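# A structural walkthrough
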Amino acid sequence: MERYLMYLRKSRMDTDFEEVSIAETLSRHRTTLEKFCKSKRLNVVEVLEEVVSGESLAARPQMMRLLELVSTGSYAGVVCMDIERLSRGSSMESGYIMQILQVNGCKIVTPGKTYDLQNESDEQFTDMKFMFSRYELKTITKRLVRGRNQSASEGKFMGSMAPYGYRAYKLPGEKGNSLMIIPEEAKVVQMIFDMYGQQGMGYNAIAYKMNDMHIPARKGQWSQTSVANILTNEVYLGKIRWRREPVKRVVKEGMLSKKRILNDDYELYEGRHEAIITEEQWDRVQEILNRHKHTSNHTERQLKNPFAGVLYCEKCGGIMKRYVPRPKESPTAWFRCMTRNCDCKMIKCEVAEKNILNAMEEWLEEYQIQLEQTQTQTVDPIDTALETVHSQLTGLQLQQEKICEYLEKGIYSVEMFTKRNAALSKEIEQLRDSETDLLRQKSEGNKQNRAAAELIPTTQHILDSYDALTVEEKNSLWKLVMRRATIYREPEGEVHIHIYPNLPR
Ligand SMILES: [Zn+2]
């Protein structure tokens, strides 16, 4: 069943009846709209009532909420008294609101008319174009969605950066770009497809070989990802890939932001550019890729490196990768600096792991001692202030008890008591406020100490139960307690290790 939202807001037209309060106006509108929805069988799942009367979008919390809800794409329409309820404000903002409704296929339903923003030929839509910013509606939505789709189907290249092997150029005499082959790079693409498809090399091995042969990559070094991107890009077959829904527009806190959605569902168009590889080369590679996908989903996907994303080369700052040179003969794993020309020697994973564990243990011991010392030394000024507040509070409470006694004994008249009691209560209230404030300051100040204090048990936990943890558990715990660790093995064999515990900065 289609879901609708109801939006209620007092508008300029209602101000004629000044004696009627906003709440009354809104409840009258609500009754009207509820009757209307009932007669039209509209399923209203949420009613948003704007009680403030701000002009700007930011001053209309319910409108912001409405936009957030609408951009989930799960509502068929917004029910309101008239279009003006939605649109009042600057034309930029109303254009923006309309854009979100349109993109998400959300109608505007009023007792007078229903506006379907999807249907541009709709007469009513034409009316609206006068009411809302033309610029916003037309240029952004239409040009982006339809125009880009159009160019794709014409085989034009629409990315911002040409894929490796090609250079983008402007098509002469028409709009849009296409791709031109860069011969040296095209040779490399063919080589990569052969290495994978014919020689049975993996992503890593190919990347390593590329770097080894000093073949320049587009950015930095060849990596597993850059190789994988080439092997899976249909552009090398002479095609253009077009993702039907490449970007989803989302509204967060009233601001439009774009969210790229990874989407396997894309369309292919015959490109205007030349292919670099043949159908056979492509098919062979895809077949192997598919085979790998099926097996690796179950077994090989599991994390094997407990220091993934944590361990770096101390010399060059590059990432240290786990590497098994001869998986068939021996399972020995090594950490290897991935930077070309870095003289950091490979280090056995086992050795590195043991060393890091030791370093962490040493650090923990030292840190605990250090923390104990600072904790006993310092006198916190906030604590002192709190003590003062507390003793003052106790004093005032005693006075309050006293005046009760005076009243009972007839020393105070009721008037005197009431007056004195009011004064005392006020003082107590003020002290309570400062108490709250001090406590808040204390908790802010303690946050840092607390983060440090939390680090201790977590680290202890890793050290105590290390052997019982899975690699994934190890990795997520290391990431908690360490910002990074660096390692370097000199050509002569000496190993250096540094750990950077995750202390608050
Ligand atoms: Zn290095």
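Residues numbered from 1 in each chain as written. Predicted model: local features only at pLDDT ≥ 70, side-chain atom pairs only at ≥ 80, totals over all residues. Heavy atoms only, no water.

I192, F193, W222 and Y236 are the most contacted members of the largest nonpolar core, which has 35 residues in total. Where this core is concerned, the elements lending two or more residues are α7 (183-197), α8 (203-212), α9 (224-231), β8 (239-243) and α10 (279-296). A total of seven residues in this core trace back to one element, the largest contributor, which is α7. When residues no more than four places from it in sequence are discounted, the contact partners of F193 are Q198, I230, L231, Y236, I277, Q281, W282 and V285. Among the nonpolar cores identified, the runner-up in size contains 34 residues, and F307, C313, L357 and I456 belong to it. (Core = buried A, V, L, I, M, F, W, Y, C linked by side-chain atoms within 4.5 Å. Buried < 20%, exposed > 50% of the residue type's maximum accessible area, 1.4 Å probe, protein only. Helix = DSSP H or I, 4+ residues; strand = E, 2+ residues; numbered from the N terminus. Contact = heavy atoms within 4.5 Å.)

This next bit is on the coordination of the zinc ion. The protein atoms that coordinate the zinc ion are C313 (SG), C316 (SG), C337 (SG) and C342 (SG), at distances of 2.3 Å. Each of the four donor atoms around the zinc ion contributes to a set of angles spanning 95 to 118°, which defines the coordination as tetrahedral. Positions of the donor residues of the zinc ion, expressed as sequence spacing, correspond to C-x2-C-x20-C-x4-C. Using a relative accessible area of 8% as the deciding quantity, one classes C337 as buried. Residue C342 is classed as buried on the basis of its relative accessible area, which comes to 19%. (Donors = N, O, S within 2.8 Å, 3.2 Å for Na, K, Ca; no water. Tetrahedral: all angles 85-135°; square planar, octahedral: opposite > 155°, others 65-115°.)

This part is about the environment of M320. Counting through the fold element by element, M320 comes out in strand β13 (residues 320-323). Separated by 19 residues in sequence, M320 and T339 have C-alpha atoms that sit 8.9 Å apart. With sequence-adjacent residues up to four places away left out, M320 is seen in contact with N305, L311, Y312, C313, F335, R336, C337, C344, I347 and I487.

Spatially, the three strands line up as an open sheet ordered β13-β14-β15, and their pairing is antiparallel. A strand with exactly one partner marks an edge of an open sheet, and here the two such strands are β13 and β15 (347-348). (Pairing = 2+ DSSP bridges.)

Inspection of every chain in the model, using the stated rule, returns 10 aromatic pairs. Aromatic pair Y166 and Y236: ring centres 6.0 Å apart, planes at 15°, arrangement stacked. Taken together, the residues Y166 in strand β6 (residues 166-170) and Y236 in the loop between α9 and β8 connect sequence positions 70 residues apart. In this structure Y166 comes out as buried when scored by relative accessible area, which is 1%. When the centroid spacing of 4.9 Å and the interplanar angle of 15° are considered together, the rings of W363 and Y367 count as stacked. Of this pair, W363 and Y367 both sit in helix α11 (residues 349-377), separated by four residues, roughly a single helical turn. Taking relative accessible area as the criterion, W363 reaches 15% and is therefore assigned buried. Through a chain of ring-to-ring contacts, the aromatic side chains of Y166, F193, Y236 and W282 assemble into a single cluster. One Lys or Arg, R336, reaches over the ring of Y208 and ends 4.0 Å from the middle of that ring. (Phe/Tyr/Trp six-rings, centres within 6.5 Å; stacked < 30°, edge-to-face > 60°. Lys NZ or Arg CZ within 6 Å of the ring centre and 35° of its normal.)

Okay, unusual backbone geometry next. Working note: non-glycine residues mostly have negative phi, and peptide bonds are mostly trans. The backbone of H214 sits at a positive phi, close to 60°, despite the residue not being glycine. Mapped onto the elements, H214 comes out in the loop between α8 and α9. Here N341, not a glycine, exhibits a phi torsion of approximately 75°, which is positive. Within the secondary structure, N341 sits in the loop between β14 (334-337) and β15. Given a relative accessible area of 67%, N341 falls into the exposed group.

So, on to the sheet that holds strand β4 (residues 107-109). Here five strands make up an open sheet; going across it, the order is β2-β1-β3-β4-β5 and the pairing mixed. The outermost strands of the open sheet, each flanked by one partner alone, are β2 (44-50) and β5 (114-115). Two elements, strand β3 (residues 77-79) and β4, share three bridges in a ladder whose sense is parallel. By the bridge assignment for β4, V79 is matched with V109. Those strands touched by helix α2 (residues 61-70) are β1 (4-9), β2 and β3, and its axis lies near 150° from that of β2. (Axes fitted to C-alpha atoms, helices over the stretch in contact; angles between N-to-C directions.)

This part takes up the environment of M81. Residue placement: M81 occurs in the loop between β3 and α3 (83-87). Of the residues examined, M81 reaches a relative accessible area of 22% and is grouped as partly exposed. Sequence spacing of M81 and R9 is 72 residues, and the spatial spacing of their C-alpha atoms is 8.5 Å. Setting aside residues up to four positions removed in sequence, M81 forms contacts with H29, L33, T110 and P111.

So, to be careful, I would describe these as geometric facts and stop short of saying anything about function.
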